[in-house]
Amino acid sequence: MPGLSRRRFAASVVGLAAVWALDPDVLGRAVAAPARPDRAGSTLEQTVLQGSGGSAQYRTLVAGPGEPYLSRPDVLGRAPAPGRAAARRSLLYLAHLSDMHVIDAQSPGRIEPMIVQDHAAWGSAFHPQDPLTVHVTTAMVQAFADLRSSPLTGAPMAAAIVTGDSADMHSHRELRWYIDVLDGGTIVPSSGSSGRYEGVQAWPEAVWAYRPADPTGGSFGDYGFPRLPDLLTQAIATPVPSPGLPVPWYTVYGNHDTLMLGTFDVSAPWRALAVGGEKSWTLAATASTALLGYAATASPLQRWLDSVGVQSGLRSGLRSVSADPERRLFEQREFMVEHFTTRPVPGPIGHGFTQHNLDTGQTWWQADLTPQVRAFGLDTCNQVAGPDGAVPDDQFRWLEEQLAVAQAERRLALIFSHHNSLTLENRAQRPGETQVLHGAEEFVAMLLRYPVAVAWLNGHTHLNQILAHPRGDGGGLWEITTASCIDFPQQQQTVELVDNRDGTLSIVTTVVDHASPVTPGSSGSWADLAARSRELAANDWAETPLMRRGSALDRNTELLLAAPFDLSTIDDATLERQQLAQRARLLAYEQGRPR
């Protein structure tokens, strides 16, 4: 199919140069150059692995070999055509982020001492790398900026999607940090007003925590965690300059954006604690403050609180810290509202949410990423209790109606949610609520009725995993789960839709390591601190860090399926115009305007 004529190409360049305040000649030369894949900085070239050592001791990280793409015909049901690479064309190239868990580690609203009760069960309450999440997220944003052209086709990145768990403990400050890092700008990764680190990792009496100034005397020291006396000061002292994502980004709710620690309802005592001037460092104090609001139930949690003497009312185990009103716990609607306080570039204002969402309270949305690809952002989070989710009936029926529209209009459909098919079983409801909550089996069956629904992107389980949901006729659905920025391997991914021009579609996933050295330095730069965070996360003995990498079939892959309609109806000229506009945006990003 012919692309743009010379006259239309020139007119497009002039128009785009005016939109982005670019020199037309510079833009013209940039977009006229053939697209070239660039694998530099990707896991196709290098991976990050644990170094050698014993099974119960601290291990550093080493550079490993790159990993090639592996083809998966699970859905297609037959061997793909060997010559498809020569004919293929890119339909959409996007970034996928999830489970960033941006943390204000100094907040009194955190419940770190819960790991004393059961480290494995309460592992998300405390990580040695908690003060470094702004640095890690910035390093991940930089990695996507470096991969703004596809490592497979050279196509320009068009959009980014965030599939939830962005603010770790429901804090307004965490919410703002995450938005500001993705938008771009300078972030001061500290809260309170003392100018020094105020938290359990700085307090000698909190021997159960990793205290980098002197880790001896506790489990982390016994495991061999390093002495890093400057780490906490470095974590909060230097403003972090984020380059911002180079493309428009969209977001959905995660359970941590909905409930406290992604599990508990937000109680009045917890709200007061978060903005107050006392922070707990013992298990008993945590139970009698943050968890006091749950003492009116006869739940297993209540019975356990009783057993450790919470009813005594003692308030020992607390230390004074600087209060900060910006640590307030946000309401559900405020999560949406805050996404309207954002930069128009990269945009969009609201990041998927619209005025309709604010007016109705609906927490789900749809948006056209390109004229050929429609995105559906769902809220699968349970509003009552528990980390896992389900699909409420109103969203289920809305999505089915909209997929029917997309099918009629021949739009490829991407589904975005926080929870995946292994974690859609939480049907907890308040007394009197009657709405049906759909589980994974019903949800996947519904998606398979609409061939245009080709991929479902999600997170939640902090691991790389790709599941095939074949329909039996060569078509079906690929479910793509990405890892997190808090747990090792601290990876995210890019996803590209590729028309093979042979009646098949390829969905190409590339795992992304954040842009930091394999071996952390001592400079205190955001890159060195991000590298330190990854190394600390790799030594989480309460988890199985290597399991979260997934298998090779869950990382750099080509996921094949039958095209849901004749993709030749998408003409080359239309795609060329789209990519011209996307390249102009990226050139403006590279030149730093407008920001």
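What you are looking at is a predicted structure, and each value in this text was computed from that prediction instead of being measured.

Student: Looking at this model, I keep getting lost on the sheet that holds strand β19 (residues 491–499). Mind explaining?
Tutor: The strands that make up a sheet are held in pairs by hydrogen bonds between backbone atoms, and each pair lies either parallel or antiparallel. With mixed pairing, the seven strands of this open sheet are ordered in space as β3-β21-β20-β19-β4-β5-β8. Strands at the two margins of the open sheet, each flanked by one partner only, are β3 (70–72) and β8 (249–251). Here the strands of the sheet are splayed against their neighbours by 25 degrees on average, with no regard to which way each runs. Summarising the sheet, strand β20 (residues 504–513) and strand β21 (residues 557–562) pair through six bridges and their orientation is antiparallel. Opposite S506, over in β21, you have L560 as the bridge partner.

Student: What is the right way to read the pattern of salt bridges from this model?
Tutor: Side chains that differ in charge, positive against negative, can pair when their charged atoms come close. Summed over all chains, the structure comprises 35 salt bridges. Residues R196 and E198 are paired through a salt bridge, measuring 3.9 Å at the closest nitrogen-oxygen approach. R196 gets classed as exposed once you look at its relative accessible area, which sits at 54%. Taking the relative accessible area as the measure of exposure, E198 reaches 7% and is therefore buried. Counted as one network, the salt bridges with shared partners bring together R110, E112, D130, D168 and K279.

Student: So what exactly am I meant to see when it comes to the pairing of strand β12 (residues 373–377) here?
Tutor: Successive side chains on a regular strand alternate, one facing one side of the sheet and the next facing the other. Most of β12 sits out of view: five of its five residues are buried. Because side chains alternate across β12, one face comprises the buried residues V373, A375 and G377, and the other comprises R374 and F376, equally buried. Of the strand pairs in this sheet, strand β11 (residues 365–370) and β12 are connected by five bridges, and their pairing is antiparallel. In the strand pairing of β12, T370 is matched with V373.

Student: I'm lost on helix α2 (residues 24–32) in this one. Help?
Tutor: Three- or four-residue spacings in an α-helix give side chains the same orientation, since the helix completes a turn every 3.6 residues. Listed in full, the buried residues belonging to α2 are L27, G28 and V31. Projection of α2 onto a plane perpendicular to its axis shows the buried side chains occupying an angular sector of 100 degrees, all on one side. Away from its buried face by more than 90 degrees, α2 exposes D25 and R29. Turning to α2, the residues buried within the fold contact α1 (6–20) and α16 (572–591). Of the residues flanking the start of α2, the one acting as N-cap is D23, its side-chain oxygen 2.8 Å from the backbone nitrogen of D25.

Student: Explanation requested: the packing of aromatic side chains in the structure shown.
Tutor: The way to describe two aromatic rings as a pair is by their centre distance and the angle between their planes. Enumeration over the complete set of coordinates arrives at 20 aromatic pairs. Here F225 and W541 contribute two aromatic rings whose centre-to-centre distance is 6.2 Å and whose plane-to-plane angle is 75 degrees, an arrangement assigned as edge-to-face. Linking F225 in the loop between α6 (219–223) and α7 (231–237) with W541 in the loop between α15 (526–537) and β21, this pair joins segments that are 316 residues apart in sequence. With a relative accessible area of 4%, F225 lands in the buried category. A centroid spacing of 5.9 Å and a plane angle of 75 degrees characterise the contact between F376 and W398, whose relative ring orientation is edge-to-face. Taken together, the residues span a long stretch of sequence, with F376 in strand β12 and W398 in helix α13 (residues 393–409) at a distance of 22 residues. When its relative accessible area of 0% is taken as the criterion, F376 is described as buried.

Student: Hey, could you run me through the environment of G192 in this one?
Tutor: Here G192 shows up in the loop between β6 (185–187) and α6. Linking G192 and A237, residues 45 residues apart in sequence, is a C-alpha distance of 13 Å. Beyond its immediate sequence surroundings of up to four residues, G192 is in contact with S322, A323, D324 and R327.

Student: Can you help me understand the nonpolar core in this one?
Tutor: Grouped burial of nonpolar side chains is what soluble globular proteins tend to show. In terms of nonpolar packing, the biggest core is built from 95 residues, with L399, L403, L414, F443 and I507 touching the most fellow members. Per-element tally for this core: the top contributor is helix α4 (residues 133–146), with seven residues. Not counting chain neighbours up to four residues away, the residues in contact with F443 comprise L378, V391, F396, L399, I415, L424 and W456.

Student: Is there a simple way to explain the packing of α4 against α15 in this structure?
Tutor: The description of two helices packed together rests on the angle between their axes and the distance between the axes. The contact between α4 and α15 brings their axes to 8 Å, and the two run at 110 degrees. In terms of their interaxial angle, α4 and α15 are classed as roughly perpendicular. Residue-level contacts link H135, V136, T138, A139 and Q142 of α4 to W526, L529, A530 and S533 of α15. Classifying every residue of the contact of α4 with α15 gives five nonpolar, four polar and no charged.

Student: Can you walk me through the confidence of the model for the protein in this structure?
Tutor: Within the protein, residue pLDDT values average 93, and 95% of them lie at 70 or more. Scored below 50 in pLDDT, residues 306–314 makes six contacts in the model with residues more than four places away or belonging to other chains.

Student: Looking at this structure, how should I read unusual backbone geometry?
Tutor: One can expect most non-glycine residues to show negative phi and most peptide bonds to be in trans. Note the cis peptide between V345 and P346, where omega equals 15 degrees. Residue position: P346 is located in the loop between α11 (332–338) and α12 (355–360). Cis geometry is adopted by the peptide bond preceding P348, which originates at G347 and carries an omega value of -15 degrees. For P348, the location among the structural elements is in the loop between α11 and α12. You will see that R410, though not glycine, has its phi angle at about 55 degrees, which is positive. Along the chain, R410 turns up in the loop between α13 and β14 (412–416). Given the relative accessible area of 42%, R410 is considered partly exposed. Positive phi is not limited to glycine here, since H460 has a value of about 80 degrees. With respect to the helices and strands, H460 occurs in the loop between β16 (453–458) and β17 (465–470). Its relative accessible area of 12% is what places H460 among the buried residues.

Student: Explain the packing of α1 against α2 here, please?
Tutor: Contact geometry for α1 and α2: axes closest at 9 Å, N-to-C directions at 125 degrees. Of the possible angle classes, the one that applies to α1 and α2 is oblique. Here α1 runs over α2; the crossing is right-handed. Across from F9, V13, L16 and A17 in α1, the residues of α2 making contact are P24, L27, G28, V31 and A32. Grouping the constituent residues of the contact of α1 with α2 by class yields eight nonpolar, one polar and no charged.

The rules behind these values
- Residues numbered from 1 in each chain as written.
- Predicted model: local features only at pLDDT ≥ 70, side-chain atom pairs only at ≥ 80, totals over all residues.
- Heavy atoms only, no water.
- Pairing = 2+ DSSP bridges.
- Helix = DSSP H or I, 4+ residues; strand = E, 2+ residues; numbered from the N terminus.
- Axes fitted to C-alpha atoms, helices over the stretch in contact; angles between N-to-C directions.
- Salt bridge = Lys/Arg side-chain N within 4 Å of Asp/Glu carboxyl O.
- Buried < 20%, exposed > 50% of the residue type's maximum accessible area, 1.4 Å probe, protein only.
- Arc of directions from axis to C-beta.
- Contact = heavy atoms within 4.5 Å.
- Polar contact = N/O pair within 3.5 Å; in protein donor to acceptor, adjacent residues only side chain to side chain.
- Phe/Tyr/Trp six-rings, centres within 6.5 Å; stacked < 30°, edge-to-face > 60°.
- Core = buried A, V, L, I, M, F, W, Y, C linked by side-chain atoms within 4.5 Å.
- Parallel < 35°, antiparallel > 145°, perpendicular 65-115°, else oblique.
- Nonpolar A, V, L, I, M, F, W, Y, C, P; charged D, E, K, R; others polar.
- pLDDT = per-residue confidence, 0-100.
- Left-handed = near helix turned anticlockwise from the far one by under 90°.

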